[in-house]
Each structure stands twice: as C-alpha cells, then as structure tokens.
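The residues making up each chain are set out below.
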Amino acid sequence: MSGTQIESILTEARTFPVPEEFARQANMDQAQYEALCRQAAENPAEFWGKLARDHLHWDKPFNQVLDDSQAPFYKWFSDGELNVSVNCLDRHLDSPTRNKAAIIWESEQGEVVTLTYAQLHREVSRFAATLQDLGIHLGDRVAIYMPMVPEAVIAMLACARIGAIHTVVFGGFSAEALKDRIEDTQARLLITADGGYRAGKVVPLKHNADQALSRSSHAVEHMIVFQRTGEEVNMQSGRDLWWHDLAAKAQVDCAPLAVNAEHPLLILYTSGSTGKPKGIVHSSGGYLLWSLLTTHWVFDLKPTDVYWCTADIGWITGHSYVVYGPLALGATVFMYEGAPTYPDAGRFWDMIEHHRVNVFYTAPTAIRALMKLGDEWPNRYDLSSLRLLGTVGEPINPEAWMWYYKVIGKERCPIADTWWQTETGGHMISPLPGVTPLKPGSCTRPLPGIFPDIVDEEGEIIQSTEAGGYLVMTRPWPGMLRTVWGDEARYIENYWAKFNNRFYVAGDSAHRDMDGYYWIMGRIDDVLNVSGHRLGTMEIESALVAHPAVAEAAVVGRPHEIKGEAICAFVVLRQSHAGEDMDALAQTLRAHVADAIGPIARPDEIRFTDNLPKTRSGKIMRRLLRAIARGEEITQDTSTLENEETVRQLER
Ligand code: 6R9
C-alpha cells in the first residue's frame, strides 16, 4: 500500500494492566473517567465551566466559558478575572499546606534548601513589590534567564502577581538566543544570575546577558542579577541591580492584581522546522486550569507526595509541571540544579532515594542515556519510594520503556507517556495511571476534553487502524496557545491553514490502533518515502533499540535512485557492547530490523556514533542527520545543540 497515508510497521503486542492497588487510590477511576469523557463530548461548556469553577480561585467569576466568535482565536472564561500567583500560593495559606514544602531544591554540590508555601509566598510578594518599584506594570514583558534555582520560580510567580508577562529563556542558550527573545518581546526588564552550575562548571549567565544586550536593538531598562556563584561580574550602573540589594529594601507585601482570564501569562519560544523561533503565548486562566488538571489526573499527586519533574524551567515542561500545575495543587516539588550524571551516573537515583521521591517525570533522551550506562547504577539505590513514572519530549522506544518500567519502576509503577507540545500548554494524550492499561511506546488515549484525530493529506479522517497520518485536534481546549507573539498570520499558517482552519495541526504523524491507542510516529517532516511506502522514523528506531546492543538510534532518509529514499540509521551502542566487530554488528542490526518489521524497513546503511546530535531539550535533530547522511554541507546553526562536537564527529 502506498499513497498519502503513512504505514505503520511496528507491532507491539505487550500490554500492562492497571495495578489494582494503584487503581484503588487513584485521583481518577474508571467511572469518573467515563463520566468526564461523556460530559466533555456532550456538553463542553458545562464540562469546562465546572472544572474551572471547582479548581480555580476567581476574583471575578466568568459567565462565558468559550468564545469562538473569532475562531481559531479562541477565548476561554474571558469575562472572568483571577490571579495566577494567588492560585499557586495565597489560596494554600489557610490550610495545613501553608507550612508544607512547596519546593525542595538541591544544588549540584549537594546543598538542600526547602521553601514552605508560606515562605515562597513571602518571597514572591517581596519580589513582586520590587518589580512594581521598578515600574513594571500589567502587560509589560520580563525576560528571565536563570539557572534552576528557586529564585527562578519566584521571579515567574512575581511577574504573574502583578500581571507582567514572563518569557523564560533557557539558561543553556547563548547570548544570541537571548537577544532574539528580548528583541521580539521588547522586554523592559531582564532577570538573570551571575552564573549557574552545570557539570562542575560555571555557566556565565551575566556575561551572556551583557553580550545579548550589547547586540540588541532594544534596550531593557534594568537587569536584576541574582548572586549564585559569586564570581566577578560587570554591573552597569543605573541599569544593573543586585537581587539581594533590592530584596533588602523592598516591602514584604504586594497585593496581587486580578487579571482577565485571557491576559497572557507567558511567552515561550519554540523553534519550528523553518524560520525563527515562535513566541508561543499562553493565557492566565485556561493555561493554569489545564496545567493543574493534567497534573492532578496524570500524575495522581497526593498531598503527601514528593514530586520531581527533571525539566528545566526554560521549557514548557518546566513551566507547566515544575511551576504552575504542581504549585496550583499545593504539591511538594523537588527541584535540582545540575547535570544528570554529576558527579556520576547514579546522581538521579541518589536523589530519588535521599528525598524519597514518589512521582518522577523525565524524558526519553535521559532514559536512554542512563540505560546506556548500565543497570548497576540504579541498582545501587533504594528506589522503593517511586510509585509513578512519566516521560515526555519524544516518542519513547518500547525497549527504553521496558527498561524504565523494570529497572527503575521495578514493574510496580505505571508509566505516563505524555504526548503534548509547547503549544498545547499541558498533556493531551496520556495514560491515566488508575484507568489506562499500558502499551510500551504508545501515549495511549486522549485525556477527557481532548478530541484528537488522524487525517490524511486531504483532511479526511483515517479510520484504518494501521495507516498513519496527521495528528490533529478537532476541538479547542483551555490550555491551547492563543497566538504567536506579534504574528497572528504565523499562528494561522503554522497550526490551522493546512486544513482550512478546521483542525489544530500538531505537526506530528501518528496512527491509532484498534483499541483507540495513539502511536506517535515522529514529526511529519521526518516521514520517509521508501519505494512508495511512507514510513515514520520512530518505528525503525524502536526496532533498532529493541536489539540488546543498541541504546539509541536515529533514522533518516537520503535520496536513492531506485527506492526514492534509502534508510540511513545512526546507532549508539550500549556500553556493554562497545568494542565489538562493527561490520558484523551492522549486518546483524540490518537483519534484525528486516526480521522485526519487514524487509522494506531494512536500513541501507548503519553508522555507529557515541552520541546523537540533540536539541537542548533532548530531541534528536534528524534534520541535521539528514544533511550528514546526504553528505551535504551543514548550513544549520548548530550552536544551540546540546552536544555540538557530535556533529563534527559524525561529519568525518
Ligand atoms: C512537551 C514538549 C513537542 C513535540 C511533539 C512531539 C514530541 C513530546 C511526546 C512526543 C511522542 C511523547 N513529543 N512528547 N512524541 N511521545 N510522549 O516536549 O513540548 O518541546 O514543544 O515538543 O515533542 O513531536 O510535537 P515541545
């Protein structure tokens, strides 16, 4: 079969039922799930309206749930008013949550700092008052370029308290990336630190910030510098201010400002396959509701849990699942500043043991990297506190899933494979741990209120359980992006135009099996065309990772006279298999793929490498590998790669 549909070639038959013990205590059980799904389908306004009233504190209640008069510019709860920091902090102060840990933070050197909700509230109010003193008002943009320290969270919530719009720039990004974001948002203020720690080294944040500002066509009025590493930095008088000096002078109280539910809470930049990064705009009400609900449903958080999401606050995962979702729920968030394998490969497991982490959320890239280093590392630690695991960022190969399930979760912990995007604000397709039987490699089913579908090139819904196509959303949801900052045309063009504004187009390819489970096959741009068969990269990669020698694989196409495209696989071996005969192993792996999924998917070429080029958020850069496989000159900017040297190694 060929044509416009994408073929699914991976057969994964393993299923894992919901553990009874887990189901009994879960925040959502089967009956509630079914009731919610039914209500969402039949009466969306009632469904969303009730959730928003029950879970958020409104200063001014809303009457209208959804305003679709200017679709696809949807508005949610748009005659209501609320304050996000009140929902994350103040409303917990009249309950025992007041004195529980909001944040437990550990530095790379092993210092531990705990902030209770009452303390965090105080710090946020104080810093919000400081921002006000500097003349920051409703709607002003504030750039935050910070290491993973509690002050980064304080800065975000302080912006929310006064209605300023934050744009967090990942601390691992260069001066150039920071400059672009400052220019695009026209930020009035930049909040940074002298430096941050990563793998025993200092990241010179203030220095980068100085460079960004010196190149920027837009001048910020002030830069607030948090002292973290204590190294010497250049303070420009009049412009640059020390955090601690301001804090010493500031009043402690800052009354929260109620804002319209549609007021932008944040702008976060995400890079598309073409063009400059897009500033994704999220709202105050809808975004907060969706991050809260998904944290509650998917992570099943309980008041007694210690919860750890390893994402940096520079990513949407850090926004929704380190800051807004868990704090709105009054949860205890564990936060770590540093590299995952510093000083050794046991660091994550050591902190899970030490802080008795119950719910752990990380990315496939981290899972595969830790898997590559061998089971002996996790096996040295007591991981019995864990009760639920999560993953996000890329499709997880079934074998990496199995490793996570067995070696980390000891076959006790459900895994939430959460599919979502910067643009969606929160989880969209994910197992509910007390409801959904699991299949390794599938993000399973949509959450209540979410209506995905799979369509072909013409926008027709694909009914087949084997063919894949475009993953789309057929109805709006409160956590959806509102626009691209300063570029409404790009919002339409990127997410809606493909099928005449009928669906939100995610840009991923996927297929749905006979149980209604979704399988993400990769980004739509990465689909291969081999002898007229359209194949997602994911499935061939997963077949490779299923071989015991392979830790990680990336598959790309390169032009082929007869087949259209030839399959080229880049493979990272597990440490236990380093030093084997590479030619023989390449043959074995080619045969293994042909065996596992059919001759059509047999790689034409296998290249071994120590690492794959990744974005800073850990996604494999297949575009770059494609250029390498084709022997093309690399014209893409590689400076934002996690591991730039890998590209040079591969080019040889
Ligand atoms: C949250 C986040 C979004 C893209 C998305 C998809 C990929 C994320 C996934 C997944 C398969 C999962 N993706 N989660 N693919 N299974 N569980 O990562 O946001 O950085 O915007 O990336 O990541 O391709 O379209 P973002």
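Quick notes on the rules
- Residues numbered from 1 in each chain as written.
- Predicted model: local features only at pLDDT ≥ 70, side-chain atom pairs only at ≥ 80, totals over all residues.
- Heavy atoms only, no water.
- UniProt positions renumbered as here; feature names shortened; annotations may be inferred.
- Helix = DSSP H or I, 4+ residues; strand = E, 2+ residues; numbered from the N terminus.
- Buried < 20%, exposed > 50% of the residue type's maximum accessible area, 1.4 Å probe, protein only.
- Contact = heavy atoms within 4.5 Å.
- Areas by Shrake-Rupley, 256 points an atom, 1.4 Å probe, with all protein chains shown as cover.
- Lys, Arg positive; Asp, Glu negative; His and termini not counted.
- Charge placed at Lys NZ, Arg CZ, Asp CG, Glu CD.
- Pairing = 2+ DSSP bridges.
- Right-handed = clockwise from strand over helix to strand, strands pointing away.
- Polar contact = N/O pair within 3.5 Å; in protein donor to acceptor, adjacent residues only side chain to side chain.
- Core = buried A, V, L, I, M, F, W, Y, C linked by side-chain atoms within 4.5 Å.
- Axes fitted to C-alpha atoms, helices over the stretch in contact; angles between N-to-C directions.
- Parallel < 35°, antiparallel > 145°, perpendicular 65-115°, else oblique.
- Nonpolar A, V, L, I, M, F, W, Y, C, P; charged D, E, K, R; others polar.
- Near = heavy atom within 4 Å.
- Salt bridge = Lys/Arg side-chain N within 4 Å of Asp/Glu carboxyl O.

The name that an unreviewed UniProt entry assigns to the protein chain is Acetyl-coenzyme A synthetase, with the source organism given as Thermithiobacillus plumbiphilus. Taken from UniProt, the Cofactor (unreviewed entry) comment for the protein chain reads in full: "Mg(2+)". Regarding the protein chain, the UniProt comment filed under Sequence similarities (unreviewed entry) reads as follows: "Belongs to the ATP-dependent AMP-binding enzyme family."

Below, the discussion takes up the overall build of the protein chain. When you go through the protein chain residue by residue, the secondary structure sums to 20 helices and 31 strands. Taken along its principal axes, the extent of the C-alpha atoms in the protein chain is 70 × 60 × 50 Å. Across the 652 residues in the protein chain, those meeting the buried criterion constitute 63%. Across the protein chain, contacts joining residues at least 24 apart in sequence account for 72% of those joining residues at least 6 apart. Only carbon and sulfur atoms are counted for the fraction: they give 47% of the accessible area of the protein chain, which is about 23,900 Å². Computed over 61 positive and 84 negative side-chain charges, the inter-centroid distance for the protein chain is 1 Å.

For the rest of this paragraph, the subject is the pairing of strand β26 (residues 518-523). Within β26, five of the six residues are buried, which leaves it mostly tucked inside the rest of the structure. By the bridge criterion, five bridges tie strand β25 (residues 504-512) to β26 in an arrangement that is antiparallel. Bridged to Ser-509 within β26 is Gly-522. Between β25 and the antiparallel strand that follows it, β26, lie five residues; Gly-516 among them carries a positive phi value of about 80 degrees.

What follows is about the pairing of strand β31 (residues 605-608). Relative to β31, strand β30 (residues 564-573) is paired through four bridges, and the arrangement is parallel. Bridge assignment links Cys-568 to a residue of β31, and that residue is Glu-605. Taking the sense of rotation as the criterion, the β-α-β connection linking β30, helix α18 (residues 582-597) and β31 turns out right-handed.

We now examine the UniProt feature "binding site: ATP" (unreviewed entry) in the protein chain. In the UniProt entry, the feature "binding site: ATP" (unreviewed entry) is given for Gly-393, Glu-394, Pro-395, Asp-417, Thr-418, Trp-419, Trp-420, Gln-421, Thr-422, Asp-508, Arg-523 and Arg-534. Spatially, the listed residues are scattered: they cover 142 residues, and their C-alpha atoms lie as much as 26.9 Å apart. Looking at the element boundaries, Glu-394 is found in the loop between β20 (388-391) and α15 (398-408). Dropping the residues within four chain positions of it, Glu-394 is found in contact with Pro-364, Thr-365, Arg-368, Gly-618, Lys-619, Ile-620 and Arg-622. In terms of polar contacts, Glu-394 uses its side chain to reach the side chain of Arg-368, at 2.7 Å. As for its position among the elements, Pro-395 is in the loop between β20 and α15. With residues up to four places along the chain from it excluded, the contact list for Pro-395 reads Pro-364, Arg-368, Ile-520 and Met-538.

Position of Ala-400 among the secondary structure elements: in helix α15. Separated by 352 residues in the primary sequence, Ala-400 and Trp-48 place their C-alpha atoms 36 Å from one another. Leaving out residues up to four positions away in the same chain, Ala-400 has contacts with Ile-367, Arg-368, Met-371 and Val-545.

The biggest cluster of nonpolar side chains holds 141 residues, and the ones touching the most others in it are Ile-191 and Tyr-324. Beyond its immediate stretch of four places on either side in the chain, Ile-191 contacts Phe-127, Leu-131, Val-142, Ala-143, Ile-144, Tyr-145, Met-146, Ala-155, Ile-224 and Trp-243. By size, the runner-up hydrophobic cluster in this structure holds 58 residues, among which are Leu-10, Trp-349, Leu-383 and Ile-540.

In the UniProt entry, the feature "binding site: CoA" (unreviewed entry) is given for Arg-198, Ala-199, Gly-200, Lys-201, Thr-317 and Ser-531. Spanning 334 residues, the annotated positions stay apart in the fold, the maximum distance between their C-alpha atoms being 49.4 Å. For Ala-199, the position within the fold is in the loop between β10 (196-198) and β11 (201-203). Given a relative accessible area of 35%, Ala-199 falls into the partly exposed group. Discounting chain neighbours no more than four positions away, the residues touching Ala-199 are Glu-108, Ala-339 and Tyr-342. Structurally, the position occupied by Thr-317 is in helix α11 (residues 316-328). Ignoring any residue separated from it by four or fewer positions in sequence, one finds Thr-317 in contact with Cys-309, Ala-311, Val-322, Tyr-361, Val-392 and Trp-420.

Here we take up the packing of helix α13 (residues 364-372) against α15. Interhelical geometry of α13 versus α15 gives an angle of 70 degrees and a closest axis separation of 10 Å. Relative to α15, the element α13 lies roughly perpendicular. The segment α13 lies against α15, with Ile-367, Arg-368, Leu-370 and Met-371 engaging Glu-399, Ala-400, Trp-403 and Tyr-404. Across the contact of α13 with α15, the residue classes break down as six nonpolar, no polar and two charged.

Around the ligand, 16 residues are found, and the nearest of them are Asp-417, Thr-418, Thr-422, Asp-508 and Arg-523. In this structure, Glu-394 approaches the ligand through a main-chain N or O atom, which is 3.4 Å from a nitrogen atom. In the model, an oxygen atom of the ligand is placed 2.9 Å from a nitrogen or oxygen of the Arg-523 side chain. If the ligand stood free it would expose 540 Å²; the protein chains cover 90% of that surface. Elements represented by at least two residues in the shell around the ligand include exactly α11 and β26. Considered class by class, the residues forming the shell around the ligand number six nonpolar, five polar and five charged.

The next point concerns the pattern of salt bridges. Per the stated rule, a full pass over the model turns up 39 salt bridges. For the salt bridge of Glu-399 with Arg-14, the shortest nitrogen-to-oxygen distance reads 2.8 Å. Remark: Arg-14 occurs in the loop between β1 (6-7) and α1 (20-25) and Glu-399 occurs in helix α15; sequence separation between them is 385 residues. When its relative accessible area of 29% is taken as the criterion, Arg-14 is described as partly exposed. Linking Lys-498 and Glu-457 is a salt bridge whose minimum nitrogen-to-oxygen distance equals 2.6 Å. With Lys-498 in the loop between α16 (488-495) and β25 and Glu-457 in the loop between β22 (452-455) and β23 (467-473), the pair connects residues that are 41 residues apart, well separated along the chain. A relative accessible area of 39% places Lys-498 in the partly exposed class. It is possible to trace a salt-bridge network through shared partners that takes in Glu-176, Lys-179, Asp-180, Glu-183 and Arg-215.

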